[in-house]
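# Survey of secondary and tertiary structure
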Amino acid sequence: MKSKRNLWVLFFVVIIAGVFGLYRMGVFEQKDPIYIAVSAPGEDVSAPWTTEVTRSVQMYIDEANAEGGINGHEIKMITYIDGGDPAQAESVAEKIVQENKAMIVLGNGYSDPATAMGKVLAANNIPGMTSGATAPSVTEGNEWFFRVINDNTAQGSFVAQYASIFFGHKSAIILYEDNSYGSSLAVAFDDEFSAHGGTVFSNSPISSKSETLEKDIADIINSSEEKPDMFFLATYKRSGAVAAIYLQEHYPGIPVFGGDSLGADSFAAVVAEELGKAKADGITDGIYAPAQLIFDVASERAQIFRDRYIKNVGEMPTWFAATSYDSALVTIKAMRAAGISGDASQIAQDRLLLRDYLASIDQRSEDFEGVSGQIYFDEDHNYTQPLAMGLFSNDKFISAPVQLYHISVNDLPDDYLEKLRSGEILRINRQYFGRTRIIYVGIDINEFSELDIEGDHTYLADFYLWFRYEGEKIDFEDISFDNSVAPIDLGSPTEEKEIGNGHYTLFRIRQNFRNTFNLEDYPFDHHSLAIKLRHDTLERKDLIFVTDTLGIGEITREKTLDNLDKAHAFETISDWFPVTGLFFADSIHDFSTRGNPTHFDKKNDIEHSRFNVEIEIKRDYLRFLSKTMLPILAILVLSYLALFLPDREFETITSIMTGTVLSVIFFHVGLSGRLNVGYSVAIDYVFYAIYALLAVETFLSIVAWRKISKNNVDMSVKYMFWFMRALYPIVFTAVIVFTIINYDLI
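All figures in this text were calculated on a predicted structure; none of them were measured in a lab. (Residues numbered from 1 in each chain as written. Predicted model: local features only at pLDDT ≥ 70, side-chain atom pairs only at ≥ 80, totals over all residues. Heavy atoms only, no water.)

## Concerning the overall build of the protein
When helices and strands are tallied, the protein shows 19 helices and 25 strands. Every one of the 746 residues in the protein was classed for burial, and the buried ones make up 51%. For the protein, the proportion of contacts with a sequence separation of at least 24, taken over those separated by at least 6, is 72%. In the protein, 63 positive and 103 negative side-chain charges are present, and the distance between their average locations comes to 9 Å. (Helix = DSSP H or I, 4+ residues; strand = E, 2+ residues; numbered from the N terminus. Buried < 20%, exposed > 50% of the residue type's maximum accessible area, 1.4 Å probe, protein only. Contact = heavy atoms within 4.5 Å. Lys, Arg positive; Asp, Glu negative; His and termini not counted. Charge placed at Lys NZ, Arg CZ, Asp CG, Glu CD.)

What follows is the structure, encoded as structure tokens:
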């Protein structure tokens, strides 16, 4: 008895010691949350400009919390609405100061509100970071404010160089919004354009709030004695829309460039609204504008972000959504690296640690690689990156035929000064950039056939492939397909045209392709029929493939399925049907020089642009089950009916069960032999359930048979008999319900 009591005492001592150890480790400690404030520029919490920033910041916060937060502290977001108004932004900043909870303030979509808020935050030693405001005044002279995008100095310089070097424009008229955004952008463009020998005939302010806006625009333009080579609109969307309509009506032959405020599909919607129509009717066509990010020419990381954002939110992200995500990424990684305590009582010290660490991120590093690139801050706390240039076509904002990529000082060629003079290399804010050609690619599927999912994992694809591009002709012999069964020679094009400065080349291809098919869900499986192409010799910095959204048309699930149906693409494949289709660009990495001397002095990771088409297909499992599993079902029904034989003939029942097991095994082995895989698939588990059922039924029938043969008949035999009858429908129902739920068949 005493030894038993000692064991209980020892047990409780171990429990108490374990609990105390966990307490000392901080397992039961309730740590203060770390708050990140977001000042959104929309009118309310549901406005698009609000949700773009809050959803994106929350996306990264969720990722960070899944990794343990910051030293065990949960990260939480507090949303405020500044409405794009300086006075309201100042009030929001004062509220943040009074609450004294936020470690940093993110968001700020407009320059004047961001500047007003930044002054209040700096006076109270609270860091801020904007993902949308571009006026230099936002960060100039403010040690507590940072920016994860280009400022207007870089943006205006970029547009001026693009217009003067790539297009040869020598004169311009500038219309700018009458605020810090417009004036700073206009000054930067004017300075750089003049430096390249251009002449600015007029540089004048306009206001989107003016009741005589169209007349103001007309008076400014008509006051110039000479017509310019181009117009530059450093404006917000509404004033830019009114100006674009006026210029298209009165000066249709003169090119128009805008600032990043116009660089989105939403600008065409504003133009349509000004016209009182559903569409912009081509008013925006040909307008060039920069964007902090255009996804079809962005990095692989940006493509991944885009896909995740669409999956989480259900809509396409804008560049503001991407840069807002980056602001959260940089902030949280900097908090971890700075070693903040996270305690509410230490918030003043933690803010200073965070500010100092952010200021120390003064060069590109993989540690702070976001959607838009490797983020760092210059002496004015700005991040200078290659802006993307886009243009409108058919009311859609697409990437322009020429883009820029960053060149580090160490990678500059020996003749870079000569290339600077020729415009092959650009210098913006003491950073160097090279040219990247954009190739628009499209594919029209004619047919898929000879589909071999279970065996060689191959299929025959018949399709049209086209390329649209500008500049010198491409050598199509260097185009290869990553997943073709045999190398494909494109041969002579089906059609080839030159339209202005552009080239259009069309090929017809009918070849076998291969993809990796995961058959774990067989026969409830989905697979992708992919076509993947790239240029073998040109790196991504030299050439980027993008989806030709104009040529392909609307890329939605419904439209893709409709096109496949009209083409009768799956007419010869009866057991499968298409579910959706994707057209996208990504990157492929080579970790070898392949003996190419031009790559000997480079890192092993060589990146190539790749264009992909993936048509997702789904097996018609009802057709499969009706054709393949019907014999098994018949055998199982017969074996179940045997349980209803008169006089409980367990000898006969046992024989039938044994025969059924052998038949099922034979059938299972034959079915498995068709699959070229080394793992169990969904249908295998159905057979395993059938084996278990038949094994139990056979065992019980043998037990009952032995009892009867020994004249040892009692109630247990009766119970076994009824249990065997009930077990069949129970197992069948369980398997069907589990399959429906697990494979989402309804």
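## Some points on the sheet that holds strand β22 (residues 526–535)
Sheet strands pair by backbone hydrogen bonding; their relative direction is either parallel or antiparallel. The strand order β19-β22-β25-β24 describes an open sheet built from four strands, whose pairing is antiparallel. Because the sheet does not close on itself, it has two edges, and the strands there are β19 (479–481) and β24 (576–590). Strand-to-strand twist in this sheet, taken as the mean axis angle between neighbours without regard to direction, amounts to 20°. Bridge analysis of β24 against strand β25 (residues 606–619) gives 14 bridges, and the strand direction is antiparallel. (Pairing = 2+ DSSP bridges. Axes fitted to C-alpha atoms, helices over the stretch in contact; angles between N-to-C directions.)

## Things to note about a nonpolar patch on the surface
The grouping of L630, L633, V637, L638, L641 and F644 at the surface amounts to a nonpolar patch, some 560 Å² of accessible area in total. Mapped onto the secondary structure, L633 falls in helix α16 (residues 621–641). (Patch = residues over 30% accessible without salt bridge, like charges linked within 9 Å, V, L, I, M, F, W, Y side chains within 5 Å. Areas by Shrake-Rupley, 256 points an atom, 1.4 Å probe, with all protein chains shown as cover. Salt bridge = Lys/Arg side-chain N within 4 Å of Asp/Glu carboxyl O.)

## Focus: the pattern of salt bridges
What the rule picks out here adds up to 25 salt bridges. Residues K277 and D281 are paired through a salt bridge, measuring 2.8 Å at the closest nitrogen-oxygen approach. Residue D281 is classed as partly exposed on the basis of its relative accessible area of 48%. Through salt bridges with shared partners, a single ionic network connects E447, D462, R508 and R510.

## Some thoughts on helix α12 (residues 347–360)
Think of an α-helix as 3.6 residues a turn; residues three or four steps apart then line up on the same face. Along its 14 residues, α12 runs 20 Å from first to last C-alpha, staying within 8% of the 20 Å computed at 1.5 Å per residue. Inspection of α12 places I347, D350, R351, L354, R355 and L358 among the buried residues, and these make up the whole buried set. Looking straight down α12, one finds its buried side chains confined to an arc of 135°; they lie on one side. Buried residues along α12 sit in contact with β3 (102–107), β4 (128–130), β5 (145–147) and α11 (319–338). (Expected span 1.5 Å × (residues − 1). Arc of directions from axis to C-beta.)

## Focus: the packing of α16 against helix α19 (residues 715–742)
Contact pair α16 / α19: the axes reach a minimum separation of 10 Å and the direction vectors enclose 150°. One element, α16, and the other, α19, form an angle in the roughly antiparallel class. In this structure, α16 contributes L633, L636, S639 and Y640 to the contact, and α19 contributes R725, Y728, P729 and F732. Class assignment of the residues belonging to the contact of α16 with α19 gives a composition of six nonpolar, one polar and one charged. (Parallel < 35°, antiparallel > 145°, perpendicular 65-115°, else oblique. Nonpolar A, V, L, I, M, F, W, Y, C, P; charged D, E, K, R; others polar.)

## With respect to the sheet that holds β5
Spatial ordering of the open sheet is given by β2-β1-β3-β4-β5, a layout of five strands whose pairing is parallel. Of all the strands in the sheet, just β2 (75–81) and β5 have a single pairing partner and so form its edges. Strand-to-strand twist of the sheet, defined as the mean angle between neighbouring strand axes without regard to direction, takes the value 25°. Strand direction decides the pairing type here: β3 and β4, joined by three bridges, are parallel. For L106, the partnering residue across the bridge sits in β4 and is M129. Across the sheet, helix α2 (residues 48–66) lies against β1 (34–40), β2 and β3, angled at about 170° from β2, the strand it touches most. In the packing of α12 onto the sheet, contacts are made with β3, β4 and β5, and the angle to β3 comes to roughly 45°.

## A word on helix α9 (residues 265–275)
Considered for burial, the residues of α9 that qualify are F267, A268, V270, V271 and A272. Of the surrounding secondary structure, the elements contacted by the buried residues of α9 are α8 (237–250) and β13 (388–393). Positive backbone phi, approximately 75°, marks G276, located one or two places after α9.

## Some thoughts on the pairing of β25
Across the 14 residues that make up β25, a large majority, 11, are buried. Where β22 lies against β25, nine bridges are found, and the strand directions are antiparallel. The partner of R534 across the bridge, within β25, is R610.

## Side note on the environment of P386
Along the polypeptide, P386 turns up in the loop between β12 (373–374) and β13. The partly exposed category is assigned to P386, whose relative accessible area is 23%. The sequence separation of P386 and R435 amounts to 49 residues, and the corresponding C-alpha distance is 10 Å. Non-local contacts of P386, meaning those with residues more than four positions away in its chain, are made with L404, Y405, H406 and F433.

## Remarks on the packing of helix α5 (residues 152–166) against helix α6 (residues 180–195)
Viewed as axis vectors pointing N to C, α5 and α6 meet at an angle of 45°, and their least axial separation amounts to 7 Å. In terms of orientation, α5 and α6 fall into the oblique class. Where α5 crosses over α6, the handedness of that crossing is right-handed. Contacts from N152, T153, Q155, G156, S157, V159, A160, Q161 and S164 of α5 reach α6 at S180, Y181, S184, L185, A188, F189, E192 and F193. (Left-handed = near helix turned anticlockwise from the far one by under 90°.)

## Here we look at the packing of aromatic side chains
Inspection of the entire model under this criterion finds 42 aromatic pairs. Centroid distance Y181 to Y236: 5.5 Å. Interplanar angle 25°. Geometry classified as stacked. One end of the pair, Y181, is in helix α6; the other, Y236, is in the loop between β8 (230–234) and α8, and 55 residues separate them in sequence. Using a relative accessible area of 4% as the deciding quantity, one classes Y181 as buried. Centre to centre, the rings of Y640 and F644 are 5.4 Å apart; their planes meet at 80°, and the pair counts as edge-to-face. What makes Y640 partly exposed here is its relative accessible area of 22%. Given the relative accessible area of 41%, F644 is considered partly exposed. (Phe/Tyr/Trp six-rings, centres within 6.5 Å; stacked < 30°, edge-to-face > 60°.)

## Some thoughts on the side chain of D684
Checked against the element boundaries, D684 lands in helix α18 (residues 682–709). Contact partners of D684, with chain neighbours within four places excluded, come to H668, S672 and Y679.

## Things to note about the confidence of the model for the protein
Model confidence for the protein is summarised by a mean pLDDT of 88, while 93% of its residues fall at 70 or above. Mean pLDDT per element in the protein: helix α1 (residues 2–24) is the minimum at 57, and β8 is the maximum at 98. (pLDDT = per-residue confidence, 0-100.)

## Section: the environment of N483
With respect to the helices and strands, N483 occurs in the loop between β19 and β20 (495–499). In sequence terms N483 and R55 are 428 residues apart; their C-alpha atoms lie 37 Å from each other. Residue contacts for N483: discarding those within four places in its chain leaves Y459, F513, R514, A530, I531 and K532. Side chain to side chain, N483 and Y459 meet in a polar contact 3.4 Å long. (Polar contact = N/O pair within 3.5 Å; in protein donor to acceptor, adjacent residues only side chain to side chain.)

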